[in-house]
Amino acid sequence: MKIVDARVIVTCPGRNFVTLKVVTDDGLTGVGDATLNGRELAVASYLRDHVVPTLIGRDASRIEDTWQYLYKGAYWRRGPVTMTAIAAVDTALWDIKGKAAGMPVYQLLGGRSREGVTVYGHANAETVDEVLVEVARYVDLGYKAVRVQTGVPGLASTYGVSGDKMFYEPADAAVPSENVWSTERYLAHTPSVFARVRDEFGPALRLLHDVHHRLTPIEAGRLGKSLEPYALTWIEDPTPAELQEGLRLIRRHTTTPIAIGEIFSGIWDCQQLITEQLVDYIRATVVHAGGLTHLRRIFDLAALYQVRSGSHGATDLSPVCMSAALHLDISIPNFGLQEYMRHTAETDAVFPHGYHFADGYLHPAEEPGLGVDIDEELAARYPYRPAALPVNRLEDGTLHSW
Ligand code: EZ4
Ligand code: CO
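Residues numbered from 1 in each chain as written. Chains lettered and ligands numbered in written order. Predicted model: local features only at pLDDT ≥ 70, side-chain atom pairs only at ≥ 80, totals over all residues. Heavy atoms only, no water.

A. Spotlight on the coordination of the cobalt ion (ligand 2). Binding of the cobalt ion (ligand 2) to the protein goes through Asp210 (OD), Glu236 (OE) and Glu262 (OE), at separations of 2.0 to 2.1 Å. Going along the chain, you hit the donors of the cobalt ion (ligand 2) in the pattern D-x25-E-x25-E. In this pair, Glu236 is assigned in strand S8 (residues 234-236) and Glu262 in the loop between strand S9 (258-260) and helix H9 (271-275), connecting sequence segments 26 residues apart. Glu262 carries the same exposure label as Glu236, and that label is buried. (Donors = N, O, S within 2.8 Å, 3.2 Å for Na, K, Ca; no water. Helix = DSSP H or I, 4+ residues; strand = E, 2+ residues; numbered from the N terminus. Buried < 20%, exposed > 50% of the residue type's maximum accessible area, 1.4 Å probe, protein only.)

Next up, the structure:
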């Protein structure tokens, strides 16, 4: 089963996506997501110029060996561009493996460990009154878990809060737009949001909140402590995590669970977070953390330390990534939650897929492989448009962590 072709497809059906499509000599095809939000063309070039030439003629059945070849063979290890490119190849090869075996990929990963993949949606609005309406919309759709974000009084705009509620897109301008941040205003406001939401929806609804890396560890400890009465399932990215030991300080001050990892590219970004039990959920995902092969390695390590998965699933992760993530989610023993931001109808049309949402759960496709494809003709109608994530400044103009 030799690889005879590998195409890098860049398309923008409402937002940019990069996809790798691998073709074998016996006519099988596999797809892998290679989208790195705001840095898409760097990965497209990495694949086209440096990876594709090494794939032609390679045995498509050798998934692990190909992973090691691309990781060790490049000399330059890790990093989001490299790991996203490796992820695309790895995902496409798993897709091909499933098709060759005549099984959905989750069967090759050990079969089902649960009936469905519990997902959470994003309720966001400027005010608390408005966000209650958004939470209710998700509850009416059957969601068991909802992430809640509001604007902060006194701040003009806040990352994670947008006009379009179901199809939120943070990469909103070719040159980054700018938000202003105040930790003081945010910490004063946020507990009142969750007091209202918990009071309105009762104890069973799982509530989450994303801090988007805005706080220092001691500030995050204070936030977690102030949210304890409202029993959140997690606070996400309370602080940037390059300094893994920094999470110890948060742990000393709060029992609010912590989820980190949407920007991680591999196991070396989180091995201390996991082995010291400094987080409760690891949010790495297929496309940015080296594909199914490497993400499974991270989740296996996490299982030893009672850390669950909570994979990133925003709109910049294509339906190809979501399809792959669901096969892992349904099979691993330590699944926690899966983020699920809905894609637009244009995106869904470019990426026909077999997964579906019902009553708060996503269900992976049952056909052989990952159960997702890219319509290349349709994709060609949507040329790339530069779009970057916003930056964040403090009120005095200091560049701040987003
Ligand atoms: O900022 O996907 O939890 N979800 C998030 C997302 C991320 C974007 C970055 O590309 O934080 O909105
Ligand atoms: Co996040």
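After that view of the structure, there is still more to cover.
B. Structural detail: the pattern of salt bridges. Applying the stated criterion across every chain, the model contains 21 salt bridges. Close ionic contact of Asp269 with Arg78 constitutes a salt bridge, the shortest N to O distance being 3.4 Å. Here Asp269 is found in the loop between S9 and H9, whereas its partner Arg78 is found in the loop between helix H2 (63-73) and helix H3 (80-101), with 191 residues between them in sequence. Here Arg185 and Glu395 are joined by a salt bridge, their closest N and O atoms 3.1 Å apart. Taken as a pair, Arg185 in helix H6 (residues 183-201) and Glu395 in the loop between strand S15 (391-394) and strand S16 (399-400) lie far apart in primary sequence, 210 residues in all. Members of the salt-bridge network, linked through shared partners, are Asp5, Arg7, Lys21, Asp373 and Glu376. (Salt bridge = Lys/Arg side-chain N within 4 Å of Asp/Glu carboxyl O.)

C. Structural context of the nonpolar core. Residues Leu20, Leu47, Val148, Leu273, Ile282 and Ile298 are the most contacted members of the largest nonpolar core, which totals 110 residues. The biggest single contributor to this core is H3, with nine residues. (Core = buried A, V, L, I, M, F, W, Y, C linked by side-chain atoms within 4.5 Å.)

D. Local environment of the pairing of strand S6 (residues 178-181). Side-chain alternation along S6 places Asn179 and Trp181 on a buried face and Glu178 and Val180 on a face that remains uncovered. The pairing of S6 with S15 spans four bridges and is parallel. Bridge pairing in S15 places Glu178 opposite Val391. (Pairing = 2+ DSSP bridges.)

E. Geometry of the packing of helix H1 (residues 40-55) against H3. Packing of H1 against H3 leaves a shortest axis separation of 10 Å and a crossing angle of 50°. Comparing the axis directions of H1 and H3 gives the class oblique. The element H1 and its partner H3 pack so that their crossing is right-handed. Of the residues in H3, those in contact with Ala42, Val43, Tyr46, Leu47, Val51 and Leu55 of H1 are Val81, Thr82, Thr84, Ala85, Ala88 and Val89. For the contact of H1 with H3, the class distribution of residues is ten nonpolar, two polar and no charged. (Axes fitted to C-alpha atoms, helices over the stretch in contact; angles between N-to-C directions. Parallel < 35°, antiparallel > 145°, perpendicular 65-115°, else oblique. Left-handed = near helix turned anticlockwise from the far one by under 90°. Contact = heavy atoms within 4.5 Å. Nonpolar A, V, L, I, M, F, W, Y, C, P; charged D, E, K, R; others polar.)

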